[in-house]
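Coordinate analysis (summary)
For reference, the chains in residue letters:
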Amino acid sequence: MITLQQLRFLTALAATDNFSRAAQSSFVSQPTLSAGIKELEQRLGVVLVARTRHSVLFTPVGLEIVERARDLLNGVAEIESLASAHANPEKGKFTLGSIPTVGPYLVPAALPLIRQRFPELGLYLREELTESLIDGLAAGRLDMALIALPFDIGNMEYTELFDDGYQLAVAKSDKEVSSRPSREVIFEGRRLMLLENGHCLQRHALAAFPDQSVSVDESFAATSLSTLVAMVSEGLGVTLLPDLAIDGGLLAHDRIDLVPLPDACPRTIALAWRKSSPHKALFQSIASILVQIRSEG
């Protein structure tokens, strides 16, 4: 019979595309990992990996078996997690993924209360883009994820936390917008600067003004909100910033004026997890803490 260890070796190789790195991530020697995958191929009677001197190439059946192996290993992990959750539902290590425009402005403020309420819980934060977060949940790499809706999250379960509106950020020298914050002059003759593709904030910001002709600066895309703020403070354009980041201190010491945009359609911040997770009650409690922190902020 094939073993879980062999399947772990196979999925590690698929994740790294390198025998040496796969062995390191599996905490075994490279010969041990190679032998384990070879034994798996012999058990199954098919070639899973075409080995060359410089690359690793999975066969079509190998790719399909990798996906099934991941599902099986996730199921095993959830069995172990279920038993652990039954013994002590508020103890253990959990990884919380978050989009970069939410995590830094919400989670640090919530951590003291989370630690006070769940002293035996270890919480680890990872910042990734939304697609990567959803993949991480599905693969079992993440336990829960802070995301912004609307977004297609597949069959993940989630709870909505709060709506997050926008304000227009302009340089202090741009007095026309600051003094006349009407929709007619907000984007007139100004370039809108946004985050790079992959950040859901870019799509949400544009969707906030469905009936407005917006001129987006295609020559620039930032990787962080702080970079956007720095560019705007130099008078190079304007941008839309979420209230959560503004309230979290994003604009400290920057030469920025804010123009309220009360009619901009907000994004919805949500906490998501796998439907099969045995820790739903814990996640709901953490969601309640996040809502509390936001309401107090």
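Whatever comes next refers back to the structure up there.
Below is a summary of the structure that appears in this document. (Residues numbered from 1 in each chain as written. Predicted model: local features only at pLDDT ≥ 70, side-chain atom pairs only at ≥ 80, totals over all residues. Heavy atoms only, no water.)

Comments concerning the overall build of the protein
- On a plain count of helices and strands, the protein comes out with 12 helices and 12 strands.
- For the protein, the residues scored as buried account for 46% of the 297 residues in total.
- Looking at the protein alone, contacts between residues at least 24 apart form 74% of all its contacts between residues at least 6 apart.
- Total accessible area on the protein stands at roughly 15,200 Å², and carbon and sulfur atoms take up 53% of it. (Helix = DSSP H or I, 4+ residues; strand = E, 2+ residues; numbered from the N terminus. Buried < 20%, exposed > 50% of the residue type's maximum accessible area, 1.4 Å probe, protein only. Contact = heavy atoms within 4.5 Å. Areas by Shrake-Rupley, 256 points an atom, 1.4 Å probe, with all protein chains shown as cover.)

So, helix H10 (residues 225-233)
- Taken residue by residue, H10 has Leu225, Leu228, Val229, Val232 and Ser233 as its buried positions. Down the axis of H10, the buried side of the element spans an arc of 130°, and every buried residue falls inside it.
- Immediately beyond the C-terminal end of H10, within one or two residues, lies glycine 235, with a positive phi of roughly 80°. (Arc of directions from axis to C-beta.)

A word on the pairing of strand E7 (residues 166-171)
- Burial analysis of E7 places 6 of its 6 residues in the buried class, the great majority of the element.
- Burial of E7 is two-sided: the residues Tyr166, Leu168 and Val170 facing one way and the residues Gln167, Ala169 and Ala171 facing the other way are all buried.
- Strand direction decides the pairing type here: E7 and strand E10 (residues 239-242), joined by 4 bridges, are antiparallel. Following the sheet pairing, tyrosine 166 is matched in E10 by proline 242. (Pairing = 2+ DSSP bridges.)

Regarding the nonpolar core
- One finds Met144 and Leu146 to be the most contacted residues of the largest nonpolar core, which totals 56 residues.
- Counting residues per element, this core draws most heavily on helix H12 (residues 280-296), at 7 residues.
- Core analysis: the next-biggest nonpolar cluster, separate from the first, contains 19 residues, Leu10, Ala14, Leu40 and Val56 among them. (Core = buried A, V, L, I, M, F, W, Y, C linked by side-chain atoms within 4.5 Å.)

Considering the side chain of threonine 95
- Mapped onto the secondary structure, threonine 95 falls in strand E3 (residues 92-98).
- Setting aside residues no more than four positions away along its own chain, threonine 95 makes contact with Tyr124, Arg126, Arg141, Leu142, Asp143 and Met144.

Here we look at the pairing of strand E4 (residues 121-127)
- In this structure, E3 lies alongside E4, joined through 7 bridges in parallel fashion. Counterpart to serine 98 in the pairing with E4 is glutamate 127.
- You can see the chain leave E3, run along helix H5 (residues 103-117) and come back into E4, and the turn it takes is right-handed. (Right-handed = clockwise from strand over helix to strand, strands pointing away.)

Side note on the environment of alanine 222
- Examined against the element boundaries, alanine 222 turns out to sit in strand E9 (residues 216-222).
- As for alanine 222 and asparagine 197, which are separated by 25 residues in sequence, their C-alpha atoms are 9.2 Å apart.
- With near-sequence residues (within four places) excluded, alanine 222 lies in contact with Leu194, Leu195, Glu196, Thr227 and Leu228.

Some points on the sheet that holds E7
- In spatial order, the strands read E10-E7-E11; together these 3 strands make up an open sheet with antiparallel pairing. Among the strands making up the open sheet, the edge pair consists of E10 and strand E11 (256-260). Averaged over all neighbouring strand pairs, the angle between strand axes comes to 40°, with direction disregarded.
- Strands E7, E10 and E11 of the sheet are contacted by H10, whose axis makes an angle of about 140° with E10. (Axes fitted to C-alpha atoms, helices over the stretch in contact; angles between N-to-C directions.)

Let's talk about the pattern of salt bridges
- Scanning all chains against the criterion turns up 8 salt bridges.
- For aspartate 164, the salt bridge goes to arginine 267, with nearest N and O atoms at 2.9 Å. Of this pair, aspartate 164 sits in strand E6 (residues 157-164) while arginine 267 is found in strand E12 (residues 267-273), placing the two residues 103 residues apart along the sequence. The residues aspartate 164 and arginine 267 share a single accessibility class, namely buried.
- Linked through salt bridges whose partners overlap, the residues forming this network are Arg126, Glu128 and Arg141. (Salt bridge = Lys/Arg side-chain N within 4 Å of Asp/Glu carboxyl O.)

Remarks on the environment of histidine 199
- Topologically, histidine 199 is positioned in the loop between strand E8 (192-195) and helix H9 (200-207).
- Between the C-alpha atom of histidine 199 and that of proline 100, which follows or precedes it by 99 residues, the distance is 8.5 Å.
- Discounting residues that sit within four places of it in the chain, histidine 199 has contacts with Pro100, Leu129 and Thr223.

Concerning the packing of helix H2 (residues 19-26) against helix H3 (residues 30-44)
- With their axes 8 Å apart at the nearest point, H2 and H3 run at an angle of 100° to one another. In terms of orientation, H2 lies roughly perpendicular with respect to H3. When H2 is examined against H3, the residues Phe19, Ser20, Ala22, Ala23 and Ser26 are found in contact with a partner set consisting of Gln30, Leu33, Ser34 and Ile37.
- Grouping the constituent residues of the contact of H2 with H3 by class yields 5 nonpolar, 4 polar and no charged. (Parallel < 35°, antiparallel > 145°, perpendicular 65-115°, else oblique. Nonpolar A, V, L, I, M, F, W, Y, C, P; charged D, E, K, R; others polar.)

By themselves, these are just geometric observations and shouldn't be taken as functional.
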